[in-house]
Amino acid sequence: MTTLITVLVVLVFAVLLYVFYRMQKRHAKFSTRVYTALAIGIVFGGLLQLIFGVDNQVISQSMEWINIVGEGYVGFLQMLIMPLVFVSIVGAFTKMKVSEKLGKISATVLTSLLATTAIAALIGIGTTILFGLQGAKFTEGAAETARISELATRQESIQGLTIPQQILSFIPKNVFADLAGTRATSTIGVVIFAAFVGIAYLGVKRKAPKEAEFFANLIDSLYKIVMRIVTLVLRLTPYGVFALMTNVMATSDFVAIINLGKFVLASYVALLAVLIVHSLILLSVKVNPFDYFKKAFPVLSFAFTSRSSAGALPLNIETQTKALGVDEATANFSASFGLSIGQNGCAGVYPAMLATIVAPAAEIDVFSIGFILMLVAIVTISSFGVAGVGGGATFASLIVLGAMNLPVAIVGLVISVEPLIDMARTATNVSGSMVAGIVTSARIKDLDREAIKDDSKVIDVNA
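Because the structure is predicted, anything quoted here is derived from the model rather than measured. (Residues numbered from 1 in each chain as written. Predicted model: local features only at pLDDT ≥ 70, side-chain atom pairs only at ≥ 80, totals over all residues. Heavy atoms only, no water.)

Visitor: Could you give me a rundown of the overall build of the protein, with the residues and numbers involved?
Guide: Secondary structure assignment for the protein yields 21 helices and zero strands. Buried positions account for 54% of the 463 residues belonging to the protein. Intrachain contacts of the protein at a sequence separation of at least 6 include 84% that bridge at least 24 residues. Approximately 19800 Å² of the protein is accessible, and the part contributed by carbon and sulfur atoms is 67%. (Helix = DSSP H or I, 4+ residues; strand = E, 2+ residues; numbered from the N terminus. Buried < 20%, exposed > 50% of the residue type's maximum accessible area, 1.4 Å probe, protein only. Contact = heavy atoms within 4.5 Å. Areas by Shrake-Rupley, 256 points an atom, 1.4 Å probe, with all protein chains shown as cover.)

Structure, rendered in structure tokens:
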């Protein structure tokens, strides 16, 4: 009987996928299809849990099939990450009309990412105190116990890791291994290697223009090929978003969410506050936040459902260049750097909240200026090299808690609601990198302000 019901659930899922296919054939807007997929995924997944319950075998079996679409889509996007990061960074150098802008672009992007992460950390601390969560005790069940044991093992691999050692870990000692993504810091390793290639290109351009032109044409061809693959994969976005949201809603433990409701609510309030800060930053460069969020919603909704900053990279770059008027060099820099540096949600808000919660257990006054400044500094520094393909928040939290000699068990105690919070964290990460791109493009006076206001300037994945 269970198998029959599972088949029926999967068939209903397949029928809904066909609905999105028909919408595409009728040339419905990409954003309309994404929003519809998001909404139907919430309803369909929620109904599955209400009918069967989160631990029912029907749910587990049907999710295995549904995840072929959701996780398969994320897998295709992750397939593109390293090639896209490499050609994007090198392409930023070859497309740069004025090489003097390079320093200003990279400095402004990094400053924006790190500054917003520091602000996010302050917001995380303030929100935790506002909700009275400092010193809060959470229930430890079987899942939490297993998670804490796993974290203890993981903590050993980074325990005693000094800031200089962490910086050294960024260096791509074997770029081919980093292109294969074998390390937690592989993405930033590829960024560093690509930057060296780009700088070398600028040197060759001055001394051997003919060879430099050949290389630039080669990179341009590679970039066009990779972006064409991106376009093909992006056409699957509505299907992927639908499957991912269905899985989240069907498998989330609503009882645990209620038990940890105060922490979940505080997390969402903090992340919303960070988005408000993003809006204020946009206003400072004379960009309407409403125009920004309207154009950015497809990529932010994908980041929300997929929980993968790296998976959202192609959409991030496409949205910045085609819909938000950011110049290509800046968009490539900000989107690529944003994968491993200054993630506002995963490396900013979350570690700061967890550290503030457990600080009283170590007899630390969370109202102390010294504690707040130390925590913000450690959070900002440790935001370098945070992985953008899941697990980044855990990695960042372990580093921060370890650096401040605070117990790491808190990371395991919130495991049951971590996926729900991670959705909003990831969307905040992506928004931070996009805002950095807009601010930087505005600073170098290459921002196409008319594109942001033009509703026809949207991501077109049907071309």
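Visitor: How would you sum up the packing of aromatic side chains? Please name residues and give values.
Guide: Enumeration according to the criterion identifies 12 aromatic pairs in this entry. Their ring planes at 75° and their centres at 4.6 Å tell us that Tyr 35 and Phe 297 sit as a pair that is edge-to-face. Of this pair, Tyr 35 sits in helix α2 (residues 30–52) while Phe 297 sits in helix α13 (residues 289–306); the two residues are 262 residues apart in sequence, bridging distant segments of the chain. For Tyr 35, a relative accessible area of 31% translates into the label partly exposed. (Phe/Tyr/Trp six-rings, centres within 6.5 Å; stacked < 30°, edge-to-face > 60°.)

Visitor: Describe the pattern of salt bridges, naming the residues involved and giving the relevant values.
Guide: As enumerated under the stated definition, the model contains three salt bridges in all. The shortest N-O distance in the salt bridge between Asp 220 and Lys 224 comes to 3.0 Å. Linking Asp 220 with Lys 224, this pair stays in helix α9 (residues 209–234), spanning four residues, or about one helical turn. Exposure remark for Asp 220: the relative accessible area of 29% places this residue in the partly exposed category. (Salt bridge = Lys/Arg side-chain N within 4 Å of Asp/Glu carboxyl O.)

Visitor: So what's going on with the nonpolar core? Which residues, and what values?
Guide: In terms of nonpolar packing, the biggest core is built from 139 residues, with Phe 263, Phe 333 and Leu 375 touching the most fellow members. No other element matches the 17 residues that helix α3 (residues 57–95) contributes to this core. Not counting residues within four places of it along the chain, the set of residues in contact with Phe 333 comprises Ile 89, Ala 92, Phe 93, Met 96, Leu 102, Ile 105 and Val 109. (Core = buried A, V, L, I, M, F, W, Y, C linked by side-chain atoms within 4.5 Å.)

Visitor: Provide a residue-level description of the side chain of Thr 128, including the pertinent values.
Guide: Here Thr 128 shows up in helix α4 (residues 101–130). Setting aside residues up to four positions removed in sequence, Thr 128 forms contacts with Leu 133, Gln 134, Met 353, Thr 356 and Ile 357.

Visitor: Describe the UniProt feature "transmembrane region" (unreviewed entry) in the protein, listing the residues and the values that go with them.
Guide: The sites that UniProt annotates as "transmembrane region" (unreviewed entry) are residues 6–22, 34–52, 72–93, 105–131, 184–204, 265–285, 366–389 and 395–415. Between the C-alpha atoms that bound residues 34–52 the distance is 27 Å, and the span itself is 100% helix and 0% strand. Segment residues 265–285 splits into 95% helix and 0% strand. End C-alpha atoms: 31 Å apart. (UniProt positions renumbered as here; feature names shortened; annotations may be inferred.)

Visitor: Pulling in residues and values, what's your account of unusual backbone geometry?
Guide: The phi dihedral of Lys 286 is positive, around 60°, even though this residue is not glycine. Position of Lys 286 relative to the elements: it lies in the loop between α12 (261–284) and α13. Positive phi, normally seen in glycine, also occurs at Lys 445, with a value near 65°. Within the secondary structure layout, Lys 445 lies in the loop between α20 (418–443) and α21 (449–453). When its relative accessible area of 72% is taken as the criterion, Lys 445 is described as exposed.

Visitor: Describe helix α16 (residues 344–358), and please don't skip the residues or the numbers.
Guide: The terminal C-alpha atoms of α16, which comprises 15 residues, lie 21 Å apart, in line with the 21 Å expected from a rise of 1.5 Å per residue. With 15 of its 15 residues buried, α16 lies for the most part within the structure. (Expected span 1.5 Å × (residues − 1).)

Visitor: So what's going on with the confidence of the model for the protein? Residues and values would help.
Guide: Scored by pLDDT, the protein comes out at a mean of 83, with 88% of its residues at no less than 70. Element-level mean pLDDT values for the protein span from 50 in helix α5 (residues 142–158) up to 93 in α12. (pLDDT = per-residue confidence, 0-100.)

Visitor: Could you give an account of the packing of α3 against helix α15 (residues 328–337), with specific residues and numbers?
Guide: Put simply, α3 and α15 touch, their axes get as near as 8 Å, and they point 150° apart. Relative to α15, α3 is oriented roughly antiparallel. Crossing angle aside, the handedness with which α3 passes α15 is left-handed. Note on element contacts: α15 touches α3 through Glu 328, Ala 329, Asn 332, Phe 333, Ser 336 and Phe 337, opposite Val 85, Ser 88, Ile 89, Ala 92, Phe 93 and Lys 95. (Axes fitted to C-alpha atoms, helices over the stretch in contact; angles between N-to-C directions. Parallel < 35°, antiparallel > 145°, perpendicular 65-115°, else oblique. Left-handed = near helix turned anticlockwise from the far one by under 90°.)

Visitor: An account of α12 is requested, with residue identities and associated values reported.
Guide: Side chains three or four residues apart in an α-helix point the same way, a direct result of the helix having 3.6 residues per turn. Here α12 spans 35 Å end to end across 24 residues, near enough to the 34 Å set by a 1.5 Å rise per residue. Residues of α12 that are buried: Phe 263, Val 264, Ala 266, Ser 267, Ala 270, Leu 271, Val 274, Val 277, His 278, Ser 279 and Leu 282. Looking one or two places after α12, you find Lys 286, whose phi comes out positive at around 60°.

Visitor: Provide a residue-level description of a nonpolar patch on the surface, including the pertinent values.
Guide: Among the surface-exposed residues, Met 1, Leu 4, Val 7, Leu 8 and Leu 11 lie close enough to one another that they form a single nonpolar patch of about 530 Å² accessible area. Among the secondary structure elements, Leu 8 is positioned in helix α1 (residues 2–25). Of the residues examined, Leu 8 reaches a relative accessible area of 47% and is grouped as partly exposed. (Patch = residues over 30% accessible without salt bridge, like charges linked within 9 Å, V, L, I, M, F, W, Y side chains within 5 Å.)

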